[in-house]
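Structural characterization, general
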Amino acid sequence: MSKYIFKRILSLIPIVIIVSVLIFAMVRITPSDPVAVMMKGKKITPETRASIEAQFDLDKSYPEQYICWIRNIFKGDFGTSFHYKQPVLSLVSSRLPNTLQLVMMASLLALLIALPLGIVCAVNMNRMADRVLSLLTLIFVSAPTFLVGILLMLGFAVKLGWFPVYGAGHNFVENLHALFLPAVALALNMVALIARITRSNMIEQLNAPYAQTAIAKGVPLRKVVMGHCFKNALIPVITVTSIQFGGMIVGAVLVENVFALGGVGALLIDAIKQADYPVTQSITLMMVVVFLTINLIVDVLYAAIDPRIRLDA
Amino acid sequence: MKNRILAMLLALALVVLCVPAMAEETVTYTVALDGEIVAMDPAFSYDFTTNLVTNQICESVLTYDENDQLVPMLASSWEQVDDVTYVYTIRDDVNFSDGTPMTVDDVVFSVARHLDPDLGSYLSGLLYAVESIEATGEWEMTIKLAEPNASFMYVLGTAAGYVISKANTEAQGDLFGTPEGTIVGTGPFVLDSWRSGQDITLVPNENYWDASFEPAVDEIVFQIIPEDITRITALTSGEADLATVLPTDLVPMLEASPNVDVEYVDSMGVLYLSFNCAMPPFDEVAVRQAIYCAIDFAEIQETIIMDAGMPASILPNSEALYGPAAEEWVAYAETVPTYDYDVERAQELLATSSVPDGFSMTLVTNEDSTRYNVCLAIQEDLKAIGIDCEIVKVSSEEHTNYQYGGVVDADGYREYGMLIGGWGADWADVSANLEPLYAGRNACAGGTNAALYDNEEVNALIDAQAAVTDPSERNALIFQALDIIGEEVPYIIVTYPIRPVATSTSFTKPLTTPSWVWNMRFNDVAPVA
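Residues numbered from 1 in each chain as written. Chains lettered and ligands numbered in written order. Predicted model: local features only at pLDDT ≥ 70, side-chain atom pairs only at ≥ 80, totals over all residues. Heavy atoms only, no water.

**Thoughts on the overall build of chain B**
- Per the secondary structure count, chain B includes 16 helices and 18 strands.
- Expected size for 529 residues packed as a compact globule is a radius of gyration near 24 Å; at 25 Å, chain B falls within 12% of this value.
- Expressed as lengths along the three principal axes of its C-alpha atoms, the size of chain B is roughly 80 × 75 × 45 Å.
- Across the 529 residues that make up chain B, the buried fraction comes to 58%.
- Restricting to contacts in chain B with at least 6 residues of sequence separation, those with at least 24 account for 68%. (Helix = DSSP H or I, 4+ residues; strand = E, 2+ residues; numbered from the N terminus. Rg over C-alpha atoms; globule rule 2.2 N^0.38 Å. Buried < 20%, exposed > 50% of the residue type's maximum accessible area, 1.4 Å probe, protein only. Contact = heavy atoms within 4.5 Å.)

**Observations concerning the overall build of chain A**
- For chain A, the count of helices and strands is 15 helices and 0 strands.
- Here the contacts in chain A between residues at least 6 apart in sequence split such that 73% fall between residues at least 24 apart.
- When the accessible surface of chain A is split by element, carbon and sulfur atoms take 71% of a total near 14900 Å².
- A gap of 12 Å separates the mean positions of the 25 positive and 16 negative side-chain charges of chain A. (Areas by Shrake-Rupley, 256 points an atom, 1.4 Å probe, with all protein chains shown as cover. Lys, Arg positive; Asp, Glu negative; His and termini not counted. Charge placed at Lys NZ, Arg CZ, Asp CG, Glu CD.)

**Regarding the interface of chain B and chain A**
- Residue-level contacts link 54 residues of chain B with 54 residues of chain A.
- Carbon and sulfur atoms make up 63% of the area that chain B and chain A hide from each other, which totals about 4700 Å².
- Applying the counting criterion to the chain B and chain A interface returns 1 salt bridge.
- Here chain B is connected to chain A by 8 residue pairs in polar contact (both at pLDDT 80 or more).
- Elements supplying a minimum of two residues to the side of chain B that touches chain A: helix H1 (2-18), strand S8 (189-195), strand S10 (219-224), helix H5 (228-236) and helix H12 (396-403) of chain B.
- Per-element tally for the side of chain B that touches chain A: the top contributor is H1(B), with 6 residues.
- Here the residues of the side of chain B that touches chain A sort into 27 nonpolar, 19 polar and 8 charged. (Buried area = accessible area lost by both parts, 1.4 Å probe. Salt bridge = Lys/Arg side-chain N within 4 Å of Asp/Glu carboxyl O. Polar contact = N/O pair within 3.5 Å; in protein donor to acceptor, adjacent residues only side chain to side chain. Nonpolar A, V, L, I, M, F, W, Y, C, P; charged D, E, K, R; others polar.)

**Structural notes on the sheet that holds strand S7 (residues 140-145) of chain B**
Residue and element names in this part refer to chain B.
- Strand order in the open sheet formed by 4 strands is S4-S5-S7-S6, and the pairing between neighbours is antiparallel. If you trace the sheet from one side to the other, it starts and ends with strand S4 (75-82) and strand S6 (130-137), each paired once. For this sheet the average axis-to-axis angle between neighbouring strands, irrespective of direction, equals 20°.
- Sheet topology note: the S4/strand S5 (residues 85-90) ladder contains 6 bridges and is antiparallel. Within the sheet, the bridge partner assigned to Glu79 lies in S5 and is Val87. (Pairing = 2+ DSSP bridges. Axes fitted to C-alpha atoms, helices over the stretch in contact; angles between N-to-C directions.)

**What about helix H7 (residues 285-294) of chain B?**
- Among the 10 residues of H7(B), 9 are classified as buried, and the element is accordingly described as predominantly covered.
- Looking only at H7(B), the buried set comprises Ala286(B), Val287(B), Arg288(B), Gln289(B), Ala290(B), Ile291(B), Tyr292(B), Cys293(B) and Ala294(B).

**A few points about the pattern of salt bridges**
- Within this structure, the stated rule accounts for 14 salt bridges over all chains.
- Of the charged contacts in the structure, one is a salt bridge between Lys60(A) and Asp57(A), with a shortest N-O distance of 2.8 Å.
- For Lys60(A), a relative accessible area of 31% gives the class partly exposed.
- With its nearest N and O atoms 3.4 Å apart, the salt bridge here joins Lys383(B) to Glu380(B). Remark: Glu380(B) and Lys383(B) occur in helix H11 (residues 369-383); sequence separation between them is 3 residues, near one turn of the helix.
- A single salt-bridge network, built from bridges that share partners, covers Glu435(B), Arg441(B) and Asp463(B).

**Concerning the confidence of the model for chain A**
- Taken over all residues, the pLDDT of chain A has a mean of 84, while the share at 70 or more is 96%.
- At the level of individual helices and strands, chain A shows its lowest average pLDDT in helix H15 (residues 307-312) of chain A, which scores 64, and its highest in helix H4 (residues 62-74) of chain A, which scores 89. (pLDDT = per-residue confidence, 0-100.)

**Description of the packing of helix H8 (residues 297-305) of chain B against H11(B)**
Residues and elements named next belong to chain B.
- Their axes nearest at 10 Å, the elements H8 and H11 cross at an angle of 145°. Where H8 crosses over H11, the handedness of that crossing is right-handed. Touching Ile300, Ile304 and Ile305 of H8 are Thr370, Asn373, Val374, Ala377 and Ile378, all from H11.
- The class makeup of the residues in the contact of H8 with H11 is 6 nonpolar, 2 polar and no charged. (Left-handed = near helix turned anticlockwise from the far one by under 90°.)

**Looking at empty space enclosed by the protein**
- In this structure the tally under the stated criterion is 3 cavities of 30 Å³ or more.
- Volume-wise, the largest cavity comes out at about 130 Å³.
- In terms of lining residues, the largest cavity is bounded by 17 residues, among which Ala266(A), Asp270(A), Gly197(B), Ile224(B) and Pro226(B) are the most central.
- Within the residue set of the lining of the largest cavity, elements represented by two or more residues are helix H12 (253-258) and helix H13 (264-273) of chain A.
- Per-element tally for the lining of the largest cavity: the top contributor is H13(A), with 3 residues. (1 Å grid on protein atoms, 1.4 Å probe; cavity = no way out; pocket = protein on both sides within 12 Å on 5 of 7 lines; lining within 4 Å. Points joined across faces, edges and corners; volume = space filled by probe spheres on them.)

**Notes on the environment of Pro500(B)**
All names here are of chain B.
- Of note, Pro500 is situated in strand S18 (residues 491-504).
- Pro500 sits in the buried class, given a relative accessible area of 11%.
- Each C-alpha atom, one on Pro500 and one on Ser267, is 9.6 Å from the other, the two residues being 233 residues apart in sequence.
- Residues within four places of Pro500 in sequence aside, it is in contact with Thr244, Leu246, Val251, Val262, Glu263 and Tyr264.

**A look at unusual backbone geometry**
- With omega at 0°, the peptide bond leading from Pro280(B) into Pro281(B) counts as cis.
- Locating Pro281(B) in the fold gives a position in the loop between strand S13 (269-275) and H7.
- Notably, Lys85(A) is not glycine yet its phi reads approximately 55°, a positive angle.
- Structurally, Lys85(A) can be placed in the loop between H4 and helix H5 (88-123).
- Here Lys85(A) falls in the buried class, since its relative accessible area comes to 19%.
- One non-glycine residue with positive phi stands out, namely Met268(B), at about 60°.
- For Met268(B), a relative accessible area of 2% gives the class buried.

**Examining a negative patch on the surface**
- A cluster of acidic residues, Asp340(B), Asp342(B), Glu344(B) and Glu348(B), forms a negative patch at the surface.
- Looking at where Glu348(B) falls in the secondary structure, it is placed in helix H10 (residues 343-351). (Patch = residues over 30% accessible without salt bridge, like charges linked within 9 Å, V, L, I, M, F, W, Y side chains within 5 Å.)

**Quick notes on the packing of helix H7 (residues 145-159) of chain A against H5(B)**
- Here H7(A) crosses H5(B) at 15°, and the two axes come no closer than 11 Å. With respect to H5(B), the element H7(A) is oriented roughly parallel. Where H7(A) crosses over H5(B), the two elements pack in a sense that is right-handed. Where H7(A) abuts H5(B), its residues Ile150(A), Met153(A), Leu154(A) and Val158(A) lie against Ile229(B), Thr230(B) and Thr233(B).
- A class-by-class count of the residues in the contact of H7(A) with H5(B) yields 5 nonpolar, 2 polar and no charged. (Parallel < 35°, antiparallel > 145°, perpendicular 65-115°, else oblique.)

**Describing helix H3 (residues 46-55) of chain A**
Residues and elements named next belong to chain A.
- Taken as a whole, H3 has its buried residues at Thr48, Ser51 and Ile52. Along the long axis of H3, the arc covered by the buried residues comes to 95°, so they all point the same way.
- Those residues of H3 that are buried lie in contact with helix H2 (34-38).
- Asp57 lies just past H3 and shows a positive phi near 60°. (Arc of directions from axis to C-beta.)

**Some remarks on the pairing of S6(B)**
Residue and element names in this part refer to chain B.
- Sheet analysis places S6 next to S7, joined by 6 bridges and oriented antiparallel. By the bridge assignment, Ile133 is partnered in S7 with Ile143.
- Counted between consecutive antiparallel strands, the loop separating S6 from S7 contains 2 residues.

Dropping the structure here:
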C-alpha cells in the first residue's frame with residue numbers, strides 16, 4: 001500500500017512542474033506593462049521604474065523569473081502582490097478560512113439535500129415523484145449562482161431581515177449564520193449533479209442481484225435501500241463531491257462578491273483583472289495542488305477499499 | 001440513518017436561526033467601499049477607495065477647504081519665498097495618536113519618503129520638481145525645486161503631505177501599510193482592526209491634538225462590498241451610511257430610497273476621446289475636425305451620459321477649475337470654436353484630407369457601460385462619413401495600460417486610433433487638466449497625454465503659464481494655448497463627469513467638495529436625532 005502511495009506522489013511531481021510552467025506563461029501572455037499597471041499610469045522617474053523592476057524581478061528574463069518564483073516558493077515566499085504591496089501568502093491566508101468554511105457548508109448542504117432527493121428518485125424511478133424532483137434539480141443547476149444569491153439576499157436578508165446583507169461575521173458561530181445564504185446559493189448547482197449520481201447509482205444497486213434477492217426474501221424495502229444499497233452507492237458520490245470541492249473554491253467568487261465575504265476566489269479574479277502576476281500565479285498553483293491532493297486522497301481511499309486498483313497500478 | 005440526518009438538519013437550523021442579531025449599542029458609521037484598499041500608507045493613497053480610509057487617520061501639511069482653496073492644516077502658515085523655494089511653518093502643538101509629539105523631522109520624513117525610488121510611491125510624480133526637502137528650523141521645513149512650478153504649492157494638500165510618525169514607520173519596516181502592521185498619524189481616528197478583504201474598523205483617537213474634537217460616533221467601519229447591487233442594497237436598507245463609487249445606471253435606485261441622499265459632485269475631470277496624433281491619418285487636423293463634426297455629442301449627452309456629466313466644449317476643464325479669475329474663463333468660453341453635429345461639414349473637412357473616402361480605425365474602451373455605449377454611438381455616426389470604426393473593449397487594467405502607453409507595436413507606437421479615457425485633476429488649479437493632457441512631455445510611456453499631442457507653441461505656453469503667479473496673466477497664456485488646441489482638437493471632450501456620493505439620512509453629511517479625495521473627513525459626522 002505504501003509503495004502505491006509513494007508511486008502516486010512521484011507521478012504528481014512532473015504534473016506540478018508542467019502546470020507551473022503553463023501558469024507562469026499564461027499569466028504573461030497578454031501584452032501588459034506590469035510597472036504601468038502598478039503605478040496606475042502615474043508619472044514616475046526612470047530610477048523608480050528601475051527600482052520597482054528590480055524589487056519584483058521584472059528586470060530578469062522570463063526563465064530567470066520562473067526559477068526565482070519556484071525557488072522562493074520552497075522558501076515559503078509566494079511573492080509580493082503588485083497591487084496590494086504585501087506578501088501573497090498573507091493575502092491568501094486571511095481570506096482562505098472564509099472560503100473554506102463557505103465551501104464546506106455548501107458541500108454539506110448539497111449532500112443533505114441531494115442524497116435524499118437521489119434516493120427518492122431512484123426508489124420511484126420513472127414515476128411522478130422522480131419526474132418532478134428531476135425537473136427541480138434541472139432548475140437548480142441552470143439557475144445562475146449570481147442571480148440566486150441576489151434573490152436570496154433580497155428575500156431573506158432585506159425583506160425578512162433574518163440574515164445580514166453582507167459580510168462574513170467575526171467568529172465561528174456568526175460565520176455559520178452569515179454564510180448560510182451564500183452556502184445555499186453555492187450548493188444549488190452541486191445538488192443537481194450529486195442527486196443525479198445518487199439516483200443512477202441507487203438504481204444500479206437496487207437492480208443488483210443481492211438487492212433483488214433481499215427484496216424477494218421479504219426484507220422491507222426501507223432496510224434494503226438504506227441498509228444495503230445506499231452504502232454501496234455512496235462511493236462515487238463522495239468522489240464527485242470531493243472533486244467539486246476543489247472547483248468551488250474558485251467557483252465561490254460570484255457568491256463571495258454578492259455577499260461581500262472577501263474570499264480567495266474574489267482575490268483571484270481581482271488579481272487577474274489587475275495583471276497582478278504574483279497573486280494570480282500563486283493562487284492558481286495552490287488550486288492545482290489542492291485538486292491533485294484531493295484526487296490523490298480519493299485514489300488512495302479507493303485502493304484501500306478495492307485491492308484490484310493497487311495491483312493494476 | 002434517516003434519524004441521524006434529520007437530527008443534523010435540525011441542529012444546523014437551530015444554530016443558524018437562533019443566532020441573535022448583534023445588539024447595537026455603539027454608534028457605528030458604516031462606509032461601503034467598492035474594493036479592498038491598496039495599502040494603509042500615504043504613499044499608495046491616490047484613489048477614491050483608499051483615501052476614504054487614510055484621510056481619517058492622517059492629516060496633511062496643507063489641505064483644501066470647502067471652496068477647494070488651499071489652507072494650512074498641520075502647518076500654521078506657509079509662503080513661497082522665491083520661484084523655487086517654499087517655506088512651511090509647522091504647528092508646535094500637534095501629537096500623534098500614540099501620544100508622541102509631532103516634530104519637523106516627522107514632517108520632512110513623511111514628505112521626503114515619496115521620493116525614495118525603492119518605495120514606488122504613487123505620489124512621487126507630483127514631487128518630480130523637488131530638489132531638496134529640509135528642516136531649516138525647529139518648526140520650519142523648506143522645500144526647494146529644481147525649476148519653477150506654479151502648481152507645486154498644491155502638492156502638500158494631497159497625500160504627499162500626509163504626516164506619519166517617523167519612529168513608528170521605521171520600526172514597522174515591511175509590515176507598514178499591511179494588515180499586520182500599524183499606522184500612526186495625527187488624525188481624529190485610529191486603526192482598530194483590518195480584516196483583509198472584509199472590513200476595516202477605526203475608532204476615535206483619544207490623544208487627538210485638537211481638544212475641541214468630540215467624536216459623535218464610536219467607530220467607523222469600512223465594509224468592502226465589491227458587488228454594485230449589494231452595495232446599493234446595503235445603503236437603501238440602512239446597513240451602510242456612505243458610498244462613493246456608484247454605477248450611473250443604478251443611481252436611480254438610490255434616489256428612490258427614503259433612507260438615502262444622493263449628491264452630485266464635480267469631478268474636476270473630463271471624459272475624453274483622444275486621437276492618436278502620432279498615427280496617420282489622425283496626424284491631420286482636418287480628419288480630427290471631421291470626426292468631431294460627424295458625431296452627435298448632444299444626443300450622447302442626453303441619452304447616454306445623462307446625470308453623470310455636464311455638456312462639454314473644447315475646454316479641458318469645467319467651472320471647478322476656473323480659479324481665482326473665473327469671470328475671464330466664463331467670457332473666454334463664449335468665444336471658443338464649436339464643432340456641432342453637422343455631417344455635411346464633416347464630409348467637406350474629410351474631402352480636404354488624404355483620406356477623402358474614409359478609412360478603418362480602432363477605438364479602445366474599457367468595460368464601463370457608459371463608455372461602451374458612447375463608443376457604439378460613435379461607431380454608428382462615423383459610418384455616415386465612410387469611417388469604419390472597430391471597438392476594442394478591454395479590461396480596466398488593460399485599458400490603463402493602453403491609456404498610458406503600455407501597449408505599443410514593434411516600432412514603439414501606441415496601438416490605437418482613438419481611445420476613450422478619463423482624467424481627473426488632482427487639485428482645483430487652472431492648468432490641472434491642461435498640462436497633463438496637452439503638454440508634449442507627457443506624450444511618453446507612462447505619460448498622461450493619450451493623444452500624443454506635441455505642439456511646440458502649446459508646450460511653450462504651458463511652461464510659461466506655470467512660471468507665472470498672477471491669475472489674469474496665467475489665464476491670458478492659457479487662453480493662447482487653448483486657441484491653438486481649439487483649432488487642432490487633439491482630444492474631443494465628451495463630458496465633464498460628476499460623481500454621485502450617496503449618504504444615509506440618519507447621519508449628518510461629511511464635507512463633500514470636488515477635492516474630496518483629499519479632504520473628505522468624518523470628524524463632524526453625527527447621528528441625526
